[in-house]
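Here is what each chain is made of, one letter per residue.
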Amino acid sequence: MGRVKGRYERTTPKNIKNREYTSYEDAPLKDYGDSEPAPQHLTKKFIKVFVILFISVVVVLALTNLDNLTSDNISHWFQYDLLGKTEGEGYPIKFSGISVDNGGFEVMDGCPVYCSDTSLVVLNSNAGEYLNTHHSFANPIVRTNSGYSVVFNSDATGYKIINRDSVVYTGSVSKKIFDADVASNGTYAILTRGNDYLSELNVYKSDNSKKYEYSFAEYYVNSVSINSDGTRAVLGGVSAKDGGLVSAVYILDFGQDSYLQKYEFEDSFIYSVEYLDNGNVIAIGSNAAYYIDIEKSKQTVFDYDMKTLTNYTVDGKYGAVLSLSSDTDGRTGSVFTLSTEGKKTEQIDIDGKVLSLDYTDNSIAVLTSGKVMVYNLKGKLIKSVETASDSRKIRFSDSNTVYVLGTSLISKLDVKE
């Protein structure tokens, strides 16, 4: 057993005098104390100062994080930030399991979350594991919010609700799941096939009791997003009309039996919908993107001008970023953003196929083959960083950090200007 440096210092007994050699067996243990212990009043003063400083730090952190001051967050901060649990050995890191699909990789509250073919894992900024739990999902999809994630088995019945360091709930539904979403307060929605209807939405409180349900008879509704406080949802669906395609976007209020608003779009398939933090909605379609001002019951259409949508990402806090291409294989194209206010930025020309996109309040990250490029919203290139040729998906952790999903590794890039 190795020694800890500095713990086994030899001292001279107080009452053993005039000896050339002293054995530890010749004197009682009480004689081996420090020759000059610290004054008691200084020790008490030090403890008092330490307690005051500790309380001051806690109060400052509490005042600056009132919205996130929950028992789970306090416990997490104490265990992982204060005590240094799960430090990690740094990125890149080989993930657990054989494969992670693009839909199984996201960032929750700045932490990478991935669901491989065997494991559901949450990592910290140094690749330490906050959470690592097994699952049996064949097609796992991850949806995240600031403090929670819902992980569901697409086209099957199982799901899990997690926070950064624990599985909050494991459940299942009777019909196959189309989509799911979770709010920052733990309220979550599960969208499934219906019994006597085409689709059915079930909404649950954070204690997993049912809060709301709604059935859809006219459209196959296959995408859902709920607002930040878990009181409303936007849903997108598709149907046939006069031999053509028609899509619909529903706005639901969980305090009403009927839908709050409904919008229909001909010849456009709705891929995804997002309830923005400011109370409005963005829908991504096959031929156009749609911004809906709910208070004014007004929609704005952003047409793709006959170009092909090659990639997109939508976030409730920042809006949407999309890439379009005139080439059938998408080898070149352009990127633009839609803000939460429905404002479109100028298009940025991209040389190379866009494999993944992400967006913060002031930056756009674009992944092409072996490279991550970061632009400001005016289209100026801020930084270009080489990455592995098998990189498939990127997500901002903050404005200076991007996590990258590869075939077998998760990497971390510094994209600070």
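The structure displayed is predicted, hence computed values, not measured ones.

**Student:** Mind showing me how you'd approach the sheet that holds strand E8 (residues 158–162) here?
**Tutor:** Pairing between sheet strands relies on hydrogen bonds along the backbone, with the strands arranged either parallel or antiparallel. Strand order in the open sheet formed by 4 strands is E6-E7-E8-E9, and the pairing between neighbours is antiparallel. Each having just a single partner strand, strand E6 (140–144) and strand E9 (167–172) make up the two edges of the open sheet. For this sheet, the mean inter-axis angle between neighbouring strands, taken without regard to orientation, is 15 degrees. Bridge count for E8 against E9 is 5 bridges, and the pairing is antiparallel.

**Student:** Can you walk me through the nonpolar core in this structure?
**Tutor:** Nonpolar side chains tend toward joint burial in soluble globular proteins. Leu201, Phe216, Val221, Val224, Leu235 and Leu252 are the most contacted members of the largest nonpolar core, which totals 19 residues. Taken together, the elements giving at least two residues each to this core come down to strand E11 (188–193), strand E12 (199–204), strand E13 (210–216), strand E14 (220–226), strand E15 (232–241) and strand E16 (244–253). For this core, the element with the most residues is E16, which contributes 4 residues. Residues contacting leucine 252, with those up to four places away along its chain left out, are Leu201, Tyr212, Tyr214, Phe216, Thr231, Arg232, Ala233, Leu235, Tyr259 and Leu260.

**Student:** Where do I start with the side chain of asparagine 227 in this structure?
**Tutor:** Its location among the elements puts asparagine 227 in the loop between E14 and E15. Side chain to side chain, asparagine 227 and aspartate 229 meet in a polar contact 2.9 Å long. At 3.1 Å, the side chain of asparagine 227 and the backbone nitrogen of glycine 230 are in polar contact. Setting aside chain neighbours within four positions, we find asparagine 227 in contact with Ala183, Arg232 and Tyr275.

The rules behind these values
Residues numbered from 1 in each chain as written. Predicted model: local features only at pLDDT ≥ 70, side-chain atom pairs only at ≥ 80, totals over all residues. Heavy atoms only, no water. Pairing = 2+ DSSP bridges. Helix = DSSP H or I, 4+ residues; strand = E, 2+ residues; numbered from the N terminus. Axes fitted to C-alpha atoms, helices over the stretch in contact; angles between N-to-C directions. Core = buried A, V, L, I, M, F, W, Y, C linked by side-chain atoms within 4.5 Å. Buried < 20%, exposed > 50% of the residue type's maximum accessible area, 1.4 Å probe, protein only. Contact = heavy atoms within 4.5 Å. Polar contact = N/O pair within 3.5 Å; in protein donor to acceptor, adjacent residues only side chain to side chain.

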